[in-house]
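Report on the structure
Residue strings, one per chain:
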Amino acid sequence: MALTFHRQPLFQATVAPGAKGSGRHRLPRPALGADGGPSVGVPLMGAAVLGAGFCRSQARTARTSKQSKGLNGRGSQVQMFVVNNEISETTSDVHVDSDSADQLVRYMGGNVVVRAVCATELVRKVIGMHKCSPMAGIALGRALLATILLANGRDEGESLQLRIQGDGPIGSIITEASSALTVRGMVGNPAADAPSVPELVGVGSASTLRLTRTHPYWKRPYTGTIGLKCGEIAEDVVQYLGMSEQTPASMGLSVEWDSEAGCIKQAEGWLVTLLPGWDEAEVSVVETNINTFDRMESSGSSRPHDICKHMMRELRGEYQAEQKPTFRCKCSKSRLATAVMMLGKTEVLKILRDKETIEAQCDWCGSPLSLTPEEEVTVGDKGHIIILGAGLVGSLCAVVLLKKGFKVHLYERYQDIRSIPSTGRSINLSVTSRGLRAIKALGGSLYDDIVQNLTTKVMGRIIHMPDGKVLFQRYGKDNTEHNYSVSRIELNKFLLNAAADAGAELHFDHALVESSDFKDHRDVGAELHFRTKNGDLRVNAACPVIACDGAGSRARYALGRSGLTEFSEDLLTRGYKEVLFPKPENPEGFGAKGEDGGEPCDGRFGLHIWPRGDHMLMALANRDGSFTGTFYMDNEGEESFASFSDTPEGRAKCSDFCQKHYSEAIPLVGGLDSLVNQIVQNPTGLLGTVRTSKWAVKGKVLLIGDSCHAMVPFFGQGCNCGFEDTLWLSRLVDEFCCDEGQANLEKCTGDNFAKCFAAVEAARKPSADAICDMALENFVEMRDKTGDAKFQVMKKIENRLENVFPSKFRSRYAMVCYGGEGNVSYANAKELGVVQWQILEKLWDIAGGVSHEQVDTIDMQEAEKLIDLLLNASQCATPTF
Ligand SMILES: Cc1cc2nc3c(=O)[nH]c(=O)nc-3n(C[C@H](O)[C@H](O)[C@H](O)COP(=O)(O)OP(=O)(O)OC[C@H]3O[C@@H](n4cnc5c(N)ncnc54)[C@H](O)[C@@H]3O)c2cc1C
């Protein structure tokens, strides 16, 4: 199929003075095609091309005013429900058309980025919902395509709203898309008709195109507005990109109407953008590709790939990512409730007094919504347990309790992560045998399935020094002691599947709120308040609650509010960003060669660290051979994530920084542009430590995992510690509430759960406190000391002691990671670690300092004496698996 994209007259614009590639460009002007009307089989298309971009203006930022349209102001009958500025709120009415062929792909080559999308099914669905006339459908379809193209690659959580306000018969066209490419749209007058899209839109003196960007972490939305130029949507959007975002761009949008079938036949679009640093040669190649696009031949494979490959001809562009656009409407009872509140106090009180049901219809999707005064349910009984949070710990906990015969009700604030298409981005966790032991202890095939299907081995740290040297620091005494690298989202999906298979009752889109009440006089039970997609829900919990709702735990906040616990949240001034490394050509990758007397290590089996003092880069292998890296640095300051903004200045600064500090890593990440793009575009994650004074309240609630002890990730123990919490909970539930590992209803009393929860807290809190401290210490070790010559030699001496005295000496690292049951707790490891370091310091002093090569000359008799004198040998048994 060869669709012809109709292009509008081309722009000519000036480049920012001094910018690379400055000059004037006029892209070739193709013949103007006629914009088809809703006639039989005529492709109706619109596109615009803007040369190397060249419009410059300051984006206007303004807070969008809260608007609520259509409330009739008289009480119970609400005709329409639109709250336009709330586009970032998460709700859950997701309709994932997993079978649809809709797809967006992105390629990048040099400083050119190309996105192409096919969204026929999505556009057809939205147009069908609004019963649009053919021309209104085409206009809305183009706006949807444009918004999808603009939303791809934005910060996670960011949402865009495109509003085209002309003075033509269609009224306004509003479309929204999130960075996850969930999309919706509507038009003021779906039945409107005109011979062409520009006539339908109508360009008057006050006509505007407005793009509003929101993000949950931003204090306010950012809005850019330009005057409408021609009513061709692609052309106006390109105009906007040039003027408001200083991004040179070219866009083509094609929506073809099949008048026989009375619906959309094909909806496709592309967006070509130039990154700062582009040069004349690149622009001229991409212009040629754009102009020969009409003659593009399809290879028969997915069309977005074909489009990108065409646009990338002679630019050696590479495939970067793909996403699936899906329709999603965010209408919900809680939004309806918000709109109702705007009726005013008297009106709302009357509704409540008369117990009226409020009915409304969503303008975006046409769904009917109704609001009844309050929803309340009772959940649980003897033998039931409520778990809050379906993350790693909550899902594992559910599996453990279900196997014991408990009925588990699992509440999670987000939608089911198993139904979210993977965007290729997820933290890689280092999982150690301490954490895996908990999983193994469950029996069955869970442990083998995880290790065999989800993990890769990690033998030690591979340190990439600023001078280019690459060193290997083994974790354990030999290859039998190693860690595993696993994708957090894949592990979470796996555990959630296991919980679902074991019979957990799953409630997604249920966000616990802080007003929940654990204070009443009962031994067991609480009042849980959830925000759901259908409004607020009050759950009278008639069973114990286990809160695994992560670092920002609302259960912890609720307990804190009622004085049932105290907690601190210490945020690091450093944050992190994900950086993806494509699979290296050499499968052994960027390993240590052992050239400086150290051991060699295959790059696939190391935790790579580029320690650079105030910042560092780390990377762990994925099973497909690629690596997921994490870049840590200050959030604010001269050299910080904040200073590396996605602007020409921010990019230039970031580029200089990367070349100065990470030149060896640049080729591994796919080049400087790829590294800079990822740093400026990926969202910044927060890091911090949570300490909680009391984890348990009677038999009502127990906090475990990050909800009571979130830690910085520098010992790679957060989830290991949470898994170990689960193992202890499992043991103590067995002891107090079960017979032979199965729930005994007679023992499931408030008193027994209270004892069980208190015992978990007593067993785990000292260890959690210790690992939180050690994780902070390891931050300094990884950031500063891994690059320190003396520290490296000390690590080698430590490794030698472990090998010579395997039953007497285990490094602190090994005790933390491998020394679980029957060996040492985190609290013991912390204490013993201090003594061990004293031994290493003494040996260093006795030898008068040693080099790497001289480590073998350390006096082992002296070492043994020190170990016997200072360390308790009973703590040094070999791990049990
Ligand atoms: C950059 C980074 C690297 C890391 N590396 C490692 C590593 O190498 N090794 C390691 O062991 N650990 C690591 N961790 C830590 C690890 O990710 C966490 O310790 C682990 O995910 C904690 O599991 P959890 O289930 O307690 O909390 P989470 O994984 O945060 O899960 C909490 C769940 O509760 C849900 N929830 C939250 N609020 C509510 C609410 N109000 N109502 C209902 N549900 C709610 C959330 O949506 C989520 O599903 C790392 C963390 C970071 C940030």
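Keep in mind it's a predicted model, so treat the numbers as computed, not measured.

What about the overall build of the protein chain?
Of the regular secondary structure elements, the protein chain holds 23 helices and 40 strands. Buried residues in the protein chain amount to 51% of all 881 residues. Relative to all contacts within the protein chain whose residues are 6 or more apart in sequence, the contacts with residues 24 or more apart total 72%.

Focus: the sheet that holds strand 9 (residues 172-178)
What the 6 strands build is an open sheet, ordered 12-11-8-9-10-16; its pairing is mixed. Each of the sheet's edge strands pairs with one partner strand only, and the pair in question is strand 12 (222-227) and strand 16 (326-327). Bridge count between strand 9 and strand 10 (residues 182-187): 5 bridges; the pairing is antiparallel. Residue pairing in the sheet places Ile 174 in a bridge with Met 186 of strand 10.

What about helix 20 (residues 789-804)?
Taking 1.5 Å per residue, 16 residues should reach 22 Å; helix 20 reaches 23 Å between its end C-alpha atoms and fits that length. Turning to helix 20, its buried residues number three or more, namely Val 793, Lys 795, Lys 796, Ile 797, Glu 798, Asn 799, Leu 801 and Glu 802. In this structure, the buried residues of helix 20 make contact with strand 25 (470-474), helix 21 (812-818), helix 22 (826-847) and helix 23 (860-870).

A look at the site of the ligand
If you check the shell around the ligand, you find 36 residues, and the closest are Gly 389, Gly 391, Gly 550, Gly 705 and Gly 718. At the level of elements, helix 9 (392-403), strand 22 (428-431), strand 28 (510-512), helix 17 (706-709) and helix 18 (718-737) are the ones that each hand at least two residues to the shell around the ligand. If one sorts the elements of the shell around the ligand by residue count, helix 18 sits on top with 4 residues. The residue inventory of the shell around the ligand, partitioned by class, reads 15 nonpolar, 15 polar and 6 charged.

Section: helix 5 (residues 280-291)
In this model, helix 5 (12 residues) spans 16 Å end to end at C-alpha, consistent with the 16 Å of a helix rising 1.5 Å per residue. Where helix 5 is concerned, the buried positions are Glu 282, Val 283, Val 286, Glu 287, Asn 289 and Ile 290. Along helix 5, the residues classed as buried sweep out an arc of 160 degrees about the axis, all on the same side.

A short note on the nonpolar core
Counting 138 residues, the largest nonpolar core has Ile 387, Cys 397, Ala 398, Leu 702 and Ile 771 as the members making the most contacts within it. If you tally residues by element for this core, the top one is helix 19 (residues 750-783), at 13 residues. Here this core spans two domains, since at least three of its residues come from each of domain 3 (379-456 + 485-571 + 689-781) and domain 4 (788-876). The residues touching Ala 398, leaving out its near neighbours within four places in the chain, are Ile 387, Val 408, Leu 410, Ala 499 and Ala 504. Core analysis: the next-biggest nonpolar cluster, separate from the first, contains 89 residues, Ala 119, Ile 148, Leu 160 and Val 238 among them.

Structural notes on unusual backbone geometry
The phi angle at Glu 314 is positive, at roughly 70 degrees, despite the residue not being glycine. A positive phi angle, close to 55 degrees, is found at Asp 509, a residue other than glycine. Within the secondary structure, Asp 509 sits in the loop between strand 27 (505-507) and strand 28.

Concerning the sheet that holds strand 28
Spatial ordering of the open sheet is given by 19-30-29-28, a layout of 4 strands whose pairing is mixed. The outermost strands of the open sheet, each flanked by one partner alone, are strand 19 (375-379) and strand 28. On average, adjacent strands in this sheet sit at an angle of 35 degrees to one another, irrespective of strand direction. One ladder, built from 7 bridges, connects strand 29 (residues 526-532) with strand 30 (residues 535-541); its direction is antiparallel.

Section: the environment of Glu 375
Here Glu 375 shows up in strand 19. For Glu 375 and Leu 537, which are 162 residues apart along the polypeptide, the C-alpha to C-alpha distance reads 5.3 Å. Every residue in contact with Glu 375, bar those within four places of it in the chain, is listed here: Gly 535, Leu 537 and Arg 538.

Considerations on the confidence of the model for the protein chain
Confidence in the prediction for the protein chain averages 81 pLDDT; 83% of positions are at 70 or higher. Within the model, pLDDT remains below 50 along residues 876-881, and this stretch shows 17 contacts once partners closer than five positions in the same chain are excluded.

Topic: the pairing of strand 13 (residues 249-258)
Looking along a regular strand, one sees the side chains alternate between the two faces of the sheet. With 9 of 10 residues buried, strand 13 is to be regarded as a mostly interior element. Examined bridge by bridge, strand 13 and strand 14 (residues 263-274) share 10 bridges and lie antiparallel to one another. Looking across to strand 14, one finds that Trp 257 is bridged to Ile 264. As consecutive antiparallel partners, strand 13 and strand 14 are separated by 4 residues, and within that stretch Gly 262 has a phi angle of approximately 70 degrees, a positive value.

Observations concerning the packing of helix 10 (residues 433-440) against helix 18
Two numbers describe how helix 10 lies on helix 18: the axes approach to 8 Å, and their chain directions differ by 35 degrees. The two elements helix 10 and helix 18 cross, and the hand of that crossing is left-handed. Contact residues: helix 10 offers Arg 434, Gly 435, Arg 437, Ala 438 and Ile 439, while helix 18 offers Cys 719, Asn 720, Phe 723, Glu 724, Thr 726 and Leu 727.

Regarding the packing of helix 20 against helix 22
Between helix 20 and helix 22, the least distance of the axes is 10 Å, while the angle of their chain directions is 105 degrees. Looking at the two axes, helix 20 sits roughly perpendicular to helix 22. Contact residues: helix 20 offers Met 794, Ile 797 and Glu 798, while helix 22 offers Leu 840, Leu 843 and Trp 844. Looking at the contact of helix 20 with helix 22 residue by residue, the classes come out as 5 nonpolar, no polar and 1 charged.

Quick word on the pairing of strand 21 (residues 407-411)
For strand 21, the tally of buried residues reaches 4 of 5 residues, placing the bulk of the element in the interior. The handedness of the strand 20 (residues 384-388) to strand 21 crossover, carried by helix 9, is right-handed. Two elements, strand 21 and strand 27, share 3 bridges in a ladder whose sense is parallel. By the bridge assignment for strand 27, His 409 is matched with Glu 505.

A short note on the environment of Asp 706
Examined against the element boundaries, Asp 706 turns out to sit in helix 17. Overall, Asp 706 belongs to the buried group, with 25 C-beta atoms counted inside 10 Å. Here the alpha-carbon distance between Asp 706 and Ser 553, two residues 153 residues apart in the chain, equals 8.1 Å. With residues up to four places along the chain from it excluded, the contact list for Asp 706 reads Gly 550, Ala 551, Gly 718 and Gly 722.

Observations regarding the environment of Ser 655
With respect to the secondary-structure elements, Ser 655 resides in helix 14 (residues 648-661). Using a count of 20 C-beta atoms within 10 Å as the deciding quantity, one classes Ser 655 as buried. Along the chain, Ser 655 and Phe 644 lie 11 residues apart, while their C-alpha atoms are 9.0 Å from each other. Residues within four places of Ser 655 in sequence aside, it is in contact with Leu 672 and Val 676.

Calculation criteria
Residues numbered from 1 in each chain as written. Predicted model: local features only at pLDDT ≥ 70, side-chain atom pairs only at ≥ 80, totals over all residues. Helix = DSSP H or I, 4+ residues; strand = E, 2+ residues; numbered from the N terminus. Buried ≥ 20, exposed ≤ 12 C-beta atoms within 10 Å, placed from the backbone. Contact = placed C-beta atoms within 7 Å. Pairing = 2+ DSSP bridges. Expected span 1.5 Å × (residues − 1). Near = placed C-beta within 6 Å. Nonpolar A, V, L, I, M, F, W, Y, C, P; charged D, E, K, R; others polar. Arc of directions from axis to C-beta. Core = buried A, V, L, I, M, F, W, Y, C linked by C-beta atoms within 7 Å. Domains from an automatic or database assignment. Axes fitted to C-alpha atoms, helices over the stretch in contact; angles between N-to-C directions. pLDDT = per-residue confidence, 0-100. Left-handed = near helix turned anticlockwise from the far one by under 90°. Parallel < 35°, antiparallel > 145°, perpendicular 65-115°, else oblique. Right-handed = clockwise from strand over helix to strand, strands pointing away.

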